[in-house]
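# Structural description and commentary
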Amino acid sequence: MVEKFRLDLSSFPKELHLLLDFIRVENDPKASENLNHISSDIDWEYFIELAEHHRVYPLVYTNLKKLTVHSVPAHVEKRLYIDYTRNTFQMLYLSSEIVNVCKLFDEHQIQNIVLKGPVLAEALYGNISLRTSKDIDILIPVSDVEKAEQILVTAGYEAECDIRSCFRDKKWMKLEHHVSYMHPKTGVQIEIHWRLNPETGTEPTFEELRRHSRTSTITSYPIRILGYEDLFSYLVNHGARHGWFRLRWLADIDRMVRQSLFENITIKSLRKNRCHPAAGQTLILVSQLFHTPVKKELLLPFARKSKPAAQTAIDFIKDCSKPDSTTVPFIRYLLQFKTNKERLAFFIHRLHPSPKDTVILPLPQYLSFLYFPLRPVLWVWRQLKQQA
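So, here's what we can say about the structure. (Residues numbered from 1 in each chain as written. Predicted model: local features only at pLDDT ≥ 70, side-chain atom pairs only at ≥ 80, totals over all residues. Heavy atoms only, no water.)

On to the environment of Trp244, then. Among the structural elements, Trp244 can be located in the loop between helix H11 (228-241) and helix H12 (247-258). What makes Trp244 buried here is its relative accessible area of 0%. The spacing of Trp244 and Asp315 is 71 residues in sequence and 9.7 Å in space, taken between C-alpha atoms. Dropping the residues within four chain positions of it, Trp244 is found in contact with Leu235, Val236, Gly239, Trp249, Leu250, Ile253, Gln281, Thr282, Leu285, Ala313, Ile317 and Tyr333. Only 2.9 Å separates the side chain of Trp244 from the side chain of Gln281, close enough to count as a polar contact. (Helix = DSSP H or I, 4+ residues; strand = E, 2+ residues; numbered from the N terminus. Buried < 20%, exposed > 50% of the residue type's maximum accessible area, 1.4 Å probe, protein only. Contact = heavy atoms within 4.5 Å. Polar contact = N/O pair within 3.5 Å; in protein donor to acceptor, adjacent residues only side chain to side chain.)

Below, the structure written as structure tokens:
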């Protein structure tokens, strides 16, 4: 790897380096060699904690089963097997529920595109057991959001909070990009998206995304999923927005590149989808952590601006926790990817009321304007409740 792209990984604990070896062993001879000489002082409980936090235990378990690694304790393999089995049943259940929800939307003439979950696992890994997912993400036209809510509520789902007043707030709809619903009996969570990303200035319209979409082979019922170029842009922006604090998201990008699903993606297309700053960071990260064979010509335009963002993400990956989006360092990190217009939208969004405010302090519609001056107070209230 060219020196200008090299990241400082010295802060990674040996357990995290071992985790990376297990993930990339199929494509990296050095990783295979490392697994034959595992250090005797590995903290295996911490290793399992890292595998679970980064949601990569399906890959670790399946690769462990393919290898003869005598230095891995039996209880570690058993724990990974339990996690792997539980995830397999979870993904099968989510697959069934995806079909149910998509059928409901189709019957009510709501066009839809499933973004992640089992359909992404099948598309990238060829096996839904090899990726984890906690919910179902479905993109629909913004004009159908209220209609979709009625359908989900009728099907037994409950919104995370009172969002009907938010639907009437056009500014909120432009700044936000999804709402969540939970089924109290099954525990299934569904996120309804009307945009791919929050606070972005430009992104493809739903009609464009639908036109480029593909049909998933996960079930006999036709389910629409993003085309590969749009999928890459979506995954890149999503991962960068969360600081890549889970290795699972980078594993997805690694799969795209290695399966040549990345072949038709160019600098021009990345700029068109407004994901080129985050794409540079992403490609540097996968080339360093997964030894993904990324073409140098795709890395070079991003070297100067994207390497600092990639190095910052290394800290988020190491810390084994979700970055606090309200801290100055993380806000500074996010602003690296935004134009001046997007930065303005970012700060406006922070001042705008959120659905969580309606949970803490329900107000009638005619007093909803009070959420604006009360926003700082409600934010502090939420932080104190989380710490309690």
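Within the structure shown, the criterion is met by 3 cavities of 30 Å³ or more. Counted as a void, the largest cavity has a volume near 90 Å³. Considering the residues around the largest cavity, the lining is formed by Ile23, Arg24, Glu26, Asn27, Leu59, Asn63, Ala251, Asp254, Arg255, Arg258 and Phe290. The set of elements that each furnish at least two residues to the lining of the largest cavity consists of helix H1 (14-24), helix H4 (57-66) and H12. With 4 residues, H12 is the single largest residue contributor to the lining of the largest cavity. (1 Å grid on protein atoms, 1.4 Å probe; cavity = no way out; pocket = protein on both sides within 12 Å on 5 of 7 lines; lining within 4 Å. Points joined across faces, edges and corners; volume = space filled by probe spheres on them.)

Attention now goes to the pairing of strand S2 (residues 135-139). Of all the 5 residues making up S2, 5 are buried; the element is thus mostly covered by neighbouring parts of the structure. Alternating positions in S2 separate into two faces, Asp135, Asp137 and Leu139 on one and Ile136 and Ile138 on the other, with burial throughout. Sheet analysis places S2 next to strand S5 (residues 189-193), joined by 5 bridges and oriented parallel. By the bridge assignment, Asp135 is partnered in S5 with Gln189. (Pairing = 2+ DSSP bridges.)

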